[in-house]
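The chain contents come next:
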Amino acid sequence: MRARGLIGLALLAAAAACAPESPPPEDARGRGEVPAEPRQEPAAVEEIACEDLARTILAVEPVRSSLERKFGAPDSVVASTEPNRHVRGRVDSLFVVHYSGLTASLRKPGGGEDMVDHVTVTESRFLAYPAIGVGVPEDRVIAALGEPTRRTRQSLVYDCGEHIEEPVTFHLADGVVRRIEIAYYLD
């Protein structure tokens, strides 16, 4: 008798496991609705230091060698030259490096290293902090970085350097980050 009871219990459990899910309530089916999943609260926003944000927001140092090591060869590079504004007779090389989702403007003084001038980001894969990246609501950026230095309906500007201006601008559309621009100080 005991074996029959165990077999019956096993068959009942198997039948329950194979049974289709219950359909939505009749009133929801009639309106073409499906009951909503239980709402999950968004994860807490990690605070990010605003100080030196221009130097820490990207996943790598914004120079050609670091970008290529991390993201591969760029889609294109536009190169030009101009006289160095500090040393007569010296020529600077200018580069605009294009990736899908990032454009970096760089200057290489004659005999010097790459120096970043400006970066525009439209894909979060280039960021060290994707939680404040493209597609994120502006309130999440503010929760992470604090109140911006300046704000308009279309932008949040964080200029947190102590001695030099290097603003990071989050461009918004409908309250969501669409593009991030980083302006670097070059003398």
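Definitions and cut-offs
- Residues numbered from 1 in each chain as written.
- Predicted model: local features only at pLDDT ≥ 70, side-chain atom pairs only at ≥ 80, totals over all residues.
- Heavy atoms only, no water.
- Salt bridge = Lys/Arg side-chain N within 4 Å of Asp/Glu carboxyl O.
- Helix = DSSP H or I, 4+ residues; strand = E, 2+ residues; numbered from the N terminus.
- Core = buried A, V, L, I, M, F, W, Y, C linked by side-chain atoms within 4.5 Å.
- Buried < 20%, exposed > 50% of the residue type's maximum accessible area, 1.4 Å probe, protein only.
- Contact = heavy atoms within 4.5 Å.
- Pairing = 2+ DSSP bridges.
- Phe/Tyr/Trp six-rings, centres within 6.5 Å; stacked < 30°, edge-to-face > 60°.
- Lys NZ or Arg CZ within 6 Å of the ring centre and 35° of its normal.
- Arc of directions from axis to C-beta.

J.: Can you walk me through the pattern of salt bridges in this structure?
T.: Two side chains with opposite charge may pair up if their charged atoms get near one another. Taken as a whole, this structure holds 8 salt bridges when the rule is applied. With a closest N to O distance of 2.9 Å, Asp114 and Arg64 form a salt bridge. Of the two residues, Asp114 is situated in the loop between β3 (102-108) and β4 (115-121) and Arg64 in helix α4 (residues 64-71); the sequence distance between them amounts to 50 residues. For Glu82, the salt bridge identified is with Arg107, shortest N-O distance 2.6 Å. Remark: Arg107 occurs in strand β3 and Glu82 occurs in strand β1 (residues 76-83); sequence separation between them is 25 residues. When salt bridges that share partners are traced, they join Glu82, Asp92 and Arg107 into one network.

J.: It is not clear to me how the nonpolar core should be interpreted in this structure. Could you clarify?
T.: A general feature of soluble globular proteins is that nonpolar side chains tend to end up buried together. Ranked by internal contacts, the top residues of the largest apolar core, which has 36 residues, are Ile57, Tyr158 and Phe170. In terms of residue count, helix α5 (residues 138-145) provides more of this core than any other element does, 4 residues in total. Not counting chain neighbours up to four residues away, the residues in contact with Phe170 comprise Leu53, Ile57, Ile132, Val141, Leu145, Gln154, Ser155, Leu156, Tyr158, Val177, Arg179 and Ile180.

J.: It is not clear to me how the pairing of strand β7 (residues 168-173) should be interpreted in this structure. Could you clarify?
T.: Put simply, side chains in a regular strand alternate between the two faces of the sheet. For β7, the tally of buried residues reaches 5 of 6 residues, placing the bulk of the element in the interior. Pairing geometry for strand β6 (residues 155-158) and β7, over 4 bridges, is antiparallel. Across the sheet, residue Tyr158 finds its bridge partner in β7, namely Val168. Counting the residues in the hairpin turn of β7 and strand β8 (residues 176-183) gives 2 residues, including Asp174, whose phi is positive at 55 degrees.

J.: Quick question: what am I supposed to make of the packing of aromatic side chains here?
T.: To describe a pair of aromatic rings, one takes the distance between the centres and the angle between the planes. Applying the stated criterion across every chain yields a total of 4 aromatic pairs. Through successive ring pairs, a cluster of aromatic residues spans Phe71, Tyr99 and Phe126. The positively charged end of Arg64 is found above the aromatic ring belonging to Phe95, 3.8 Å away from the centroid.

J.: Hey, could you run me through α5 in this one?
T.: An α-helical turn contains 3.6 residues, so any two residues separated by three or four positions project in the same direction. Of all the positions in α5, only Val141, Ile142, Ala144 and Leu145 are classed as buried. Projection of α5 onto a plane perpendicular to its axis shows the buried side chains occupying an angular sector of 165 degrees, all on one side. The secondary structure elements touched by the buried residues of α5 are α3 (53-56), β5 (150-152), β6, β7 and β8. Backbone geometry just downstream of α5 places Gly146 in the positive-phi region, at approximately 90 degrees.

J.: Before we go on, may I ask you to explain the environment of Gly89 in this structure?
T.: Along the chain, Gly89 falls in the loop between β1 and β2 (91-99). For Gly89, a relative accessible area of 76% translates into the label exposed. Between the C-alpha atoms of Gly89 and Gly110, which are 21 residues apart in sequence, the distance is 9.8 Å.

J.: Any chance you could explain unusual backbone geometry here in plain terms?
T.: Generally, phi is negative for residues other than glycine and the peptide bonds are trans, each holding for most cases. Phi angles above zero are rare outside glycine, and Asp52 is one such case at about 60 degrees. For Asp52, the location among the structural elements is in the loop between α2 (26-30) and α3. By relative accessible area, which is 39% here, Asp52 ends up partly exposed. A positive phi is found at Asp174, a non-glycine position, where the angle reads about 55 degrees. Mapped onto the fold, Asp174 is located in the loop between β7 and β8.

J.: Please clarify how the pairing of β6 should be interpreted in this entry.
T.: Of the two faces of β6, both are covered, the one formed by Ser155 and Val157 as well as the one formed by Leu156 and Tyr158. Bridging between β5 and β6 involves 3 bridges; their strand directions are antiparallel. Residue pairing for β6: Arg151 is matched across the bridge by Leu156. Between β5 and β6, which follow one another and run antiparallel, lie 2 residues.

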